[in-house]
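Here are the chains, one letter per residue:
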Amino acid sequence: MPGYNTHRIFNYSAFIVIAVLLYLWKFQRIDLYSFLAFSAGYYLGTDFITPDLDIESKAIKRWGPLKILWLPYMWIFHHGQSSHNLISGTIVRILYISLIILGIYYVLFRSLPSGMIFSYIYVYIFIIGIVIANALHVILDALF
Ligand SMILES: [Zn+2]
């Protein structure tokens, strides 16, 4: 399977292609905030929230001391199996880290966030960025 840096080079090369295609086709209809939301999701999906969080990978080391958050995930999911499912693997990771973040928020503030800081559309675009970055990871794994 390709290493962490191979995945990064592949994903960022694909990102350049995606950005050029967006520019050539209909970038006028995509506002800057949507592009930034997509880029942020794509970056997280490439460098931090990757399918390889199911093993002692470079991705999990990048979390530093916060890698402890991913230990239960690593124990539950065996490497290269459901965590590497094209769609559900990503959805499970997003739900997993979202529940932890909400849990920490609740412990700190004794309540859940009352509303969204960002518009829902940017949250969806952000998640699409993570999903596409993770899908490219799984596709590259399948090819090599
Ligand atoms: Zn992988």
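Heads up: these notes are all about the structure in this document. Throughout this document, residue positions are counted from 1 along each chain, in the order its sequence is written. Note on the predicted model: pLDDT of at least 70 is required for a residue's local features to be given, and 80 or more for side-chain atom pairs to be given and counted; whole-chain, interface and lining totals, by contrast, use all residues. Only heavy atoms go into the side-chain values, all of them from the structure, while hydrogens and water stay out.

### A closer look at the coordination of the zinc ion
- The rule for donors is simple: N, O or S, within 2.8 Å of the metal, or within 3.2 Å if the metal is Na, K or Ca. Water isn't counted, so a site may look like it is missing partners. Protein coordination at the zinc ion comes from Asp 52 (OD), His 84 (NE2), His 137 (NE2) and Asp 141 (OD), with a distance range of 2.0 to 2.3 Å.
- Taken together, the four donor atoms surrounding the zinc ion define angles of 84 to 169 degrees at the centre, an arrangement classified as irregular.
- The motif formed by the donor residues of the zinc ion, counted along the single chain, is D-x31-H-x52-H-x3-D. Taken together, the residues span a long stretch of sequence, with Asp 52 in the loop between helix 2 (32–47) and helix 3 (58–61) and Asp 141 in helix 6 (residues 120–143) at a distance of 89 residues. Four donors are marked tetrahedral only if all angles between them lie between 85 and 135 degrees, whereas four are marked square planar and six octahedral if opposite donors are more than 155 degrees apart and the other angles lie between 65 and 115; the remainder are marked irregular. The helix count covers DSSP runs of H or I at least four residues long, the strand count covers runs of E at least two residues long, and both are numbered beginning at the N terminus.

### As for the nonpolar core
- Ile 49, Leu 53, Ile 60, Trp 63, Trp 70, Tyr 73 and Ile 97 are the most contacted members of the largest nonpolar core, which totals 15 residues.
- Contributions of two or more residues to this core are made by helix 3, helix 4 (71–76) and helix 5 (88–109).
- Ranked by residue count, the leading element in this core is helix 5, at three residues.
- Nine residue types can take part in a nonpolar core, namely buried Ala, Val, Leu, Ile, Met, Phe, Trp, Tyr and Cys, and a core is a set of them joined through side-chain atoms within 4.5 Å. Exposure categories follow from relative accessible area, calculated using a 1.4 Å probe and restricted to protein chains: below 20% of the type maximum is buried, above 50% is exposed, and the middle band is partly exposed. Formed by ten residues, the second largest nonpolar core is a distinct cluster that contains Phe 15, Ala 19, Phe 38 and Tyr 42.

### Quick notes on the packing of helix 5 against helix 6
- At a minimum axis separation of 9 Å, helix 5 and helix 6 run at an interaxial angle of 135 degrees. With respect to their mutual orientation, helix 5 and helix 6 come out oblique. As for the relative orientation of helix 5 and helix 6, their crossing is right-handed in sense. Touching Thr 90, Arg 93 and Ile 94 of helix 5 are Ile 127, Ile 130, Val 131 and Asn 134, all from helix 6.
- All amino acids are sorted into three groups, where Ala, Val, Leu, Ile, Met, Phe, Trp, Tyr, Cys and Pro are nonpolar, Asp, Glu, Lys and Arg are charged, and the leftover types, Gly among them, are polar. Of the residues that constitute the contact of helix 5 with helix 6, the class distribution is four nonpolar, two polar and one charged. Between N-to-C directions, angles span 0 to 180 degrees; the directions come from axes that are lines fitted to C-alpha atoms, helices contributing only their stretch in contact. Working rule for angles: under 35 degrees goes down as roughly parallel, over 145 as roughly antiparallel, 65 to 115 as roughly perpendicular, anything else as oblique. Each crossing gets its handedness from the near helix: less than a right angle anticlockwise from the far helix is left-handed, clockwise is right-handed. Two residues form a contact once any of their heavy atoms are found within 4.5 Å.

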